[in-house]
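This is what each chain is made of:
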Amino acid sequence: MEKEQVVTLIDAFKDFKEEKNIDRPVMMGVLKDVFLTQIAKTFGSSDNFDVIVNVDKGTCEIYQNFEIVEEVVDPNAEMTSEQVAALTGDDDYEVGDTYTKKFNLQDFGRRGILNIRQNLQGRIMDIEKANVYKKYSEKVGEIFIGEVYQTWSKEVLILDEDGNELHIPRSEQIPGEHFKKGDTVRAIIKTVEMKNNTTPYIVLSRTSNEFLERLFEQEVPEIVDGLITIKKVVRVPGERAKVAVESYDERIDPIGACIGVKGGRILGIVRELRNENIDVLQWTGNPSLLIQRALNPARVSSVDMGSSPEDKVKVYMQPDEVKKGIGRNGCNIQLAGMLVDREIEVWRELPKEELDNAEEDVLLSEFSNEIDQWIIDKLESIGCDTAKSVLALSADDIAKRADLEDETVEEVMKILRAEFED
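Residues numbered from 1 in each chain as written. Predicted model: local features only at pLDDT ≥ 70, side-chain atom pairs only at ≥ 80, totals over all residues. Heavy atoms only, no water.

Participant: I'm lost on the environment of S302 in this one. Help?
Facilitator: Along the chain, S302 turns up in strand β13 (residues 302-304). Measuring from C-alpha to C-alpha, the distance between S302 and E276 comes to 29 Å, with 26 residues separating the pair along the chain. Excluding residues that lie within four positions of it along the chain, S302 makes contacts with K314, V315 and Y316. (Helix = DSSP H or I, 4+ residues; strand = E, 2+ residues; numbered from the N terminus. Contact = heavy atoms within 4.5 Å.)

Written as structure tokens, this is what we have:
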């Protein structure tokens, strides 16, 4: 039985030897530590033992050193010359000499060998975990390509070539996309965490701004070469994204280079992001001009940046430009605000022919006693800052664009109509 245990121990040792990602000094140190720990547990001390590990051959030799004494007090560390002579036939040993005896693994006993094997396998797993953590921690922010192994409602499980698990939580998936086993997936390595000393939990993301930035780097050589710089990326995953770029070389058109001939470069990125609309615009340090470029194709009449960074930015447009500026579900104006890290309000600028009738209109702020302020804020965010600008739209349109309940919109319109009734 003990011979069988020794065989399994040697097998565990060979598995450890064949682990390619373990450094030689680390390997030798761990093996010595495992054997010395068991020796100390078996004999009370490991001070008089030497462990010699041959990593290349996958073998281990243990030697027990005995001091020659006249009278033995500690039989695990001392012997008399008579005992050595009886054991080896050599009577040349004197008091004070050291006799070294090879220690056989079988001498640990069945339980001791089992403990060594378990401890060795445990240390192998710990080193493997540490190596995986180090490997992927150094790759945070890089694109990973893998194959879907399993899908659940809350996440998708990906396996790498070594069988390590990577996760794409639902929150990191583009809305509306679905995966099935065997699909090839590209995503950015977002975080790597060690939870309760278990296997490293590696999170991939397809919704982060960095993922879109890495995709552009793969498709546009000028970015990798440093001829074009991506200054900022903002996204509403699955809906729309804006990428601000610039080039220090006047001969290079950064927008044209990113889009490619007939859209050849950007189309691959759009398909990867499940047809997410991507706007590429010229970066500028002037926030007012950057907002105007971000709201294109809507034409902006003027921009009021306010007196402090905390103020909301007011963007004025002609009524027929407001819808284009705000975008579907307010996405366009939201992204423009993210580009400059400010909140933006759209204000309707009345054409000259309507100025004579402007006095008949009433600002929504005048209805603060009848309409909750949060409702007024939502209406103003879609460019409806006066009573007539609200009444000029259908209830369904307002409910959808301002994200309000139908009943709320009907009540608001009822209040505003009453203002103009005789």
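Participant: Is there a simple way to explain the sheet that holds β13 in this structure?
Facilitator: Backbone hydrogen bonds hold the strands of a sheet together, and the pairing may be parallel or antiparallel. The three strands are arranged β13-β14-β15 in an open sheet whose pairing can be described as mixed. The strands lining the two open edges of the sheet, one partner per strand, are β13 and β15 (344-348). Here the strands of the sheet are splayed against their neighbours by 25° on average, with no regard to which way each runs. (Pairing = 2+ DSSP bridges. Axes fitted to C-alpha atoms, helices over the stretch in contact; angles between N-to-C directions.)

Participant: Can you help me understand the sheet that holds strand β12 (residues 277-282) in this one?
Facilitator: Here three strands make up an open sheet; going across it, the order is β10-β11-β12 and the pairing mixed. Sheet topology places β10 (228-236) and β12 at the edges, where each strand pairs with a single neighbour. Each strand axis lies, on average, 20° off the axis of its neighbour in the sheet, ignoring direction. Here β10 runs beside strand β11 (residues 240-247); their pairing, made up of eight bridges, is antiparallel. Counted as the bridge partner of I230 is V245 from β11. Along the sheet face, helix α9 (residues 287-294) touches β11 and β12 and points at about 145° away from the line of β12.

Participant: It is not clear to me how the pairing of strand β6 (residues 155-159) should be interpreted in this structure. Could you clarify?
Facilitator: One face of the sheet, then the other: side chains in a regular strand alternate in exactly this way. Burial analysis of β6 places four of its five residues in the buried class, which makes it a mostly covered element. The pairing of strand β5 (residues 143-151) with β6 spans four bridges and is antiparallel. Residue pairing across strands places V148 opposite I158, the latter belonging to β6. (Buried < 20%, exposed > 50% of the residue type's maximum accessible area, 1.4 Å probe, protein only.)

Participant: What exactly am I supposed to notice about the packing of aromatic side chains here?
Facilitator: Given two aromatic rings, their pairing is described by the distance between the two centres and the angle made by the two planes. As enumerated under the stated definition, the model contains seven aromatic pairs in all. Taking the centre distance of 5.6 Å and the plane angle of 80° together, the rings of F43 and F103 count as edge-to-face. With F43 in helix α2 (residues 24-43) and F103 in strand β4 (residues 98-103), the pair connects residues that are 60 residues apart, well separated along the chain. Judged by its relative accessible area of 24%, F43 falls in the partly exposed class. F103 gets classed as buried once you look at its relative accessible area, which sits at 7%. Pairwise contacts between aromatic rings join F43, F49 and F103 into one cluster. Positioned above the aromatic ring of Y149 is the side chain of K181, whose terminal nitrogen or guanidinium carbon lies 4.9 Å from the ring centre. (Phe/Tyr/Trp six-rings, centres within 6.5 Å; stacked < 30°, edge-to-face > 60°. Lys NZ or Arg CZ within 6 Å of the ring centre and 35° of its normal.)

Participant: What exactly am I supposed to notice about the pattern of salt bridges here?
Facilitator: For side chains bearing opposite charge, pairing can occur when the charged atoms are close. Applying the stated criterion across every chain yields a total of 27 salt bridges. A salt bridge links K134 to E138; the shortest N-O distance between them is 2.9 Å. Residue class for K134 comes out partly exposed when judged on its relative accessible area of 48%. Its relative accessible area of 55% is what places E138 among the exposed residues. Notably, a salt bridge pairs R214 with E213, separated by 3.5 Å at the nearest N-O pair. A cluster of three or more residues bridged by salt bridges with shared partners is formed by E177, R186, R206, E272 and R274. (Salt bridge = Lys/Arg side-chain N within 4 Å of Asp/Glu carboxyl O.)

Participant: Which parts of the structure should I look at to understand the side chain of N48?
Facilitator: Secondary-structure assignment places N48 in the loop between α2 and β1 (49-54). Here N48 falls in the buried class, since its relative accessible area comes to 14%.

Participant: Help me understand the packing of helix α14 (residues 395-402) against helix α15 (residues 406-420), please; the structure alone is not making it clear to me.
Facilitator: Two packed helices can be described by the angle between their axes and the distance between those axes. Taken N-terminus to C-terminus, the directions of α14 and α15 make an angle of 120°; their axes are 9 Å apart at the nearest point. With respect to α15, the axis of α14 lies oblique. α15 is crossed by α14, and the crossing has right-handed handedness. Here A395, I398 and A399 of α14 lie close against α15, whose contacting residues are D406, V409, E410 and M413. Across the contact of α14 with α15, the residue classes tally to five nonpolar, no polar and two charged. (Parallel < 35°, antiparallel > 145°, perpendicular 65-115°, else oblique. Left-handed = near helix turned anticlockwise from the far one by under 90°. Nonpolar A, V, L, I, M, F, W, Y, C, P; charged D, E, K, R; others polar.)

Participant: Can you help me understand the state of the cysteines in this one?
Facilitator: A covalent bond bridging the sulfur atoms of two cysteines is what the word disulfide describes. In this structure the tally under the stated criterion is zero disulfides. With no disulfide of its own, C331 lies closest to C384 among cysteine sulfurs, the gap being 18 Å. (Disulfide = S-S within 2.5 Å.)

Participant: Which parts of the structure should I look at to understand the nonpolar core?
Facilitator: Soluble globular proteins tend to bury their nonpolar side chains together. I291, V315 and L379 are the most contacted members of the largest nonpolar core, which totals 46 residues. Per element, the largest residue contribution to this core is six residues, and it comes from helix α11 (residues 331-340). Ignoring any residue separated from it by four or fewer positions in sequence, one finds I291 in contact with V303, M305, V313, V315, V340 and I344. Among the nonpolar cores identified, the runner-up in size contains 23 residues, and I174, L212, I223 and V243 belong to it. (Core = buried A, V, L, I, M, F, W, Y, C linked by side-chain atoms within 4.5 Å.)

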